[in-house]
Amino acid sequence: MADGRDVMAQFIPSSPLVKLLGIEIGSLGDGEATLVLPYRPELTTIGETVHGGAIAALADTAVMAACWCGAEPPESLRGSTVDLTVHYLAPANASDLTAQARVLRRGRKISHAEAAVTDASGTRVAHAVGTYQLG
């Protein structure tokens, strides 16, 4: 069976929501994931400000990917976000966004991770903490 990185490398590009948003894989490591959300006007809420929901979806996807990466995939390849808290720190204006996520604690099924979302200049626009269940 494939490891968690292989599962994410196949899942992320084929996920309908991920495709709709345009999220791309930057890198997948052991308990870490970097994902990129290229800026498009369709992702804005007003003017050139990226909608908070798009930022949350990026953070959620990055947390999920980090939790799968380095984990032994369960027999049933399924999982779900148990909890996600997003703190918005600055507006994301007309900029590609990058989410860098890492696992903070890994259990048998439940993992806790965080994600830092930054704009193209490196300004942190959001911080997310999530709990994810594999299987």
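All values derive from a computational prediction rather than experimental measurement. (Residues numbered from 1 in each chain as written. Predicted model: local features only at pLDDT ≥ 70, side-chain atom pairs only at ≥ 80, totals over all residues. Heavy atoms only, no water.)

**A look at the sheet that holds strand E8 (residues 124-134)**
1) Next: One open sheet accounts for six strands, arranged E1-E2-E6-E7-E8-E5; its pairing is antiparallel. Every other strand in the sheet has two partners, leaving strand E1 (24-29) and strand E5 (79-88) as the edge strands with one partner each. Between one strand axis and the next, the sheet turns by 20° as a mean value, whatever way the strands run.
2) Next: Pairing analysis gives nine bridges linking E5 to E8, with the strands arranged antiparallel. Opposite threonine 85, over in E8, you have valine 129 as the bridge partner.
3) Next: The sheet strands contacting helix H1 (residues 4-14) are E1 and strand E2 (32-37), and the helix crosses E1 at an angle near 175°.
4) Next: Where helix H3 (residues 52-68) meets the sheet, it contacts E1, E2, E5, strand E6 (97-106), strand E7 (110-119) and E8, and its direction lies at approximately 40° from that of E6. (Pairing = 2+ DSSP bridges. Helix = DSSP H or I, 4+ residues; strand = E, 2+ residues; numbered from the N terminus. Axes fitted to C-alpha atoms, helices over the stretch in contact; angles between N-to-C directions. Contact = heavy atoms within 4.5 Å.)

**Section: H1**
1) Next: Among the residues of H1, those classed as buried are Gly4, Val7, Met8 and Ile12. Down the axis, H1 shows its buried residues gathered within 115° of arc, on one side only.
2) Next: The distance from a side-chain oxygen at the start of H1 to the backbone nitrogen of arginine 5 is 2.9 Å, and the residue carrying that oxygen is aspartate 3. (Buried < 20%, exposed > 50% of the residue type's maximum accessible area, 1.4 Å probe, protein only. Arc of directions from axis to C-beta. Polar contact = N/O pair within 3.5 Å; in protein donor to acceptor, adjacent residues only side chain to side chain.)

**Brief notes about the pairing of E1**
1) Next: With five bridges connecting them, E1 and E2 associate as antiparallel partners. Bridging from a neighbouring strand, isoleucine 25 pairs with leucine 35 of E2.
2) Next: Counting the residues between successive antiparallel strands, the hairpin from E1 to E2 contains two residues, one of them, glycine 31, with a positive phi of roughly 75°.

**Digging into the pattern of salt bridges**
Pairing of side chains with opposite charge becomes possible as their charged atoms draw close.
1) Next: The full count for this structure, using the stated rule, is two salt bridges.
2) Next: Glutamate 42 is the salt-bridge partner of arginine 40, the closest N and O atoms lying 3.5 Å from each other.
3) Next: The exposure class of arginine 40 is partly exposed, given its relative accessible area of 27%.
4) Next: Relative accessible area serves as the criterion here: at 60%, glutamate 42 is assigned to the exposed category.
5) Next: A salt bridge links glutamate 114 to arginine 102; the shortest N-O distance between them is 2.7 Å. Of this pair, glutamate 114 sits in strand E7 while arginine 102 sits in strand E6, placing them 12 residues apart in sequence.
6) Next: According to the relative accessible area criterion, arginine 102 is partly exposed, its value standing at 42%. (Salt bridge = Lys/Arg side-chain N within 4 Å of Asp/Glu carboxyl O.)

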